[in-house]
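Reading the structure
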Amino acid sequence: MTVQKVFVKNIYKGNGSNKTFPITFEWPTAHPEYIKVYVKDDTGAMVAVTDFSVSQSGEAWNVTYPLLGEALAEGSTLVVTREIPLVQILNLVNLGPYFAEDVEVTFDEIVMMIQQLNEAAGRSVKFALDLSDEFDPTLPIQPGYGWRVSDDGKSIVPVKDSEIILHETERVYGEAIRDT
C-alpha cells in the first residue's frame, strides 16, 4: 500500500438517527485499535469514547457509535481519527530474514505518524520563522487569563483584562473589531 491521502480524521455532525460513520482516511486495517472516536460534550470539550466498533462493509470501513442507546443528537460533533502509536516495532536483524512487505508496512505507518503530527501542529500556535532567540514562547497558564506579548517583545505574559488584548489588537490592525 502507499499512503495517498493526507488527512487523518473525519468530522461528522449528528442528525439524531445515523449511528454509522465512514472512515475515509487510510490506516493499517489490521489494527482497529488505532481508530479513536471523540464526541464534543456539553462544555465544548472533545471527549474520547469507547462504546464504538470498527467494521468493514465491502471495501468500506465504518465506525458505529454508539453501540447501545440513541444515535448522536442533531448538531452534535463526532470525530473519528487515526492514532498510530509513535513507536518502531520493526526490527531488522543483520543476516536475518528480510521481507519487503514488512518494510513497506513500516514506511506506510511512518508516513501516517508524520501526517498525525502535521495535523496536530496545524492546530497549534505558531510563531514567525524569524522569531528571535531572545523571545521566550512559553505560555503562562493561569485560569481566567488570556495572553499578550510583553511590552519589551521578549515573552508572552498573562492578561486578566480582555480589554487590553482588544485594544492592542485594534491598535495593531488599525481598525475597530468590537461587535456592534
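What comes next concerns the included structure. (Residues numbered from 1 in each chain as written. Predicted model: local features only at pLDDT ≥ 70, side-chain atom pairs only at ≥ 80, totals over all residues. Heavy atoms only, no water.)

Here four strands make up an open sheet; going across it, the order is E1-E7-E3-E4 and the pairing antiparallel. Since the sheet does not close on itself, it has two edges, and those belong to strand E1 (9-13) and strand E4 (46-49), each with one partner. On average, adjacent strands in this sheet sit at an angle of 25 degrees to one another, irrespective of strand direction. (Pairing = 2+ DSSP bridges. Helix = DSSP H or I, 4+ residues; strand = E, 2+ residues; numbered from the N terminus. Axes fitted to C-alpha atoms, helices over the stretch in contact; angles between N-to-C directions.)

On the surface, a cluster of nonpolar side chains totalling about 560 Å² of accessible area is made up of Val125, Phe127, Leu131, Leu139, Ile141 and Trp147. Structurally, the position occupied by Leu139 is in the loop between helix H1 (100-122) and strand E8 (146-149). (Patch = residues over 30% accessible without salt bridge, like charges linked within 9 Å, V, L, I, M, F, W, Y side chains within 5 Å. Areas by Shrake-Rupley, 256 points an atom, 1.4 Å probe, with all protein chains shown as cover. Salt bridge = Lys/Arg side-chain N within 4 Å of Asp/Glu carboxyl O.)

Let us look at the pairing of E1. Across the two faces of E1 the burial differs, with Asn10 and Tyr12 buried and Lys9, Ile11 and Lys13 not buried at all. Sheet analysis places E1 next to strand E7 (residues 77-82), joined by five bridges and oriented antiparallel. Bridge pairing links Lys13 to Thr77 in E7. (Buried < 20%, exposed > 50% of the residue type's maximum accessible area, 1.4 Å probe, protein only.)

With that settled, the discussion passes to the nonpolar core. Formed by 16 residues in total, the largest nonpolar core has its most connected members in Ile23, Ile35, Val63, Tyr65, Leu78 and Val80. The element best represented in this core is strand E3 (residues 35-40), accounting for three residues. Counting five residues, the second largest nonpolar core, distinct from the first, contains Val3, Tyr34, Ile84 and Met113. (Core = buried A, V, L, I, M, F, W, Y, C linked by side-chain atoms within 4.5 Å.)

Functional significance is not addressed by these values, which are geometric in nature.
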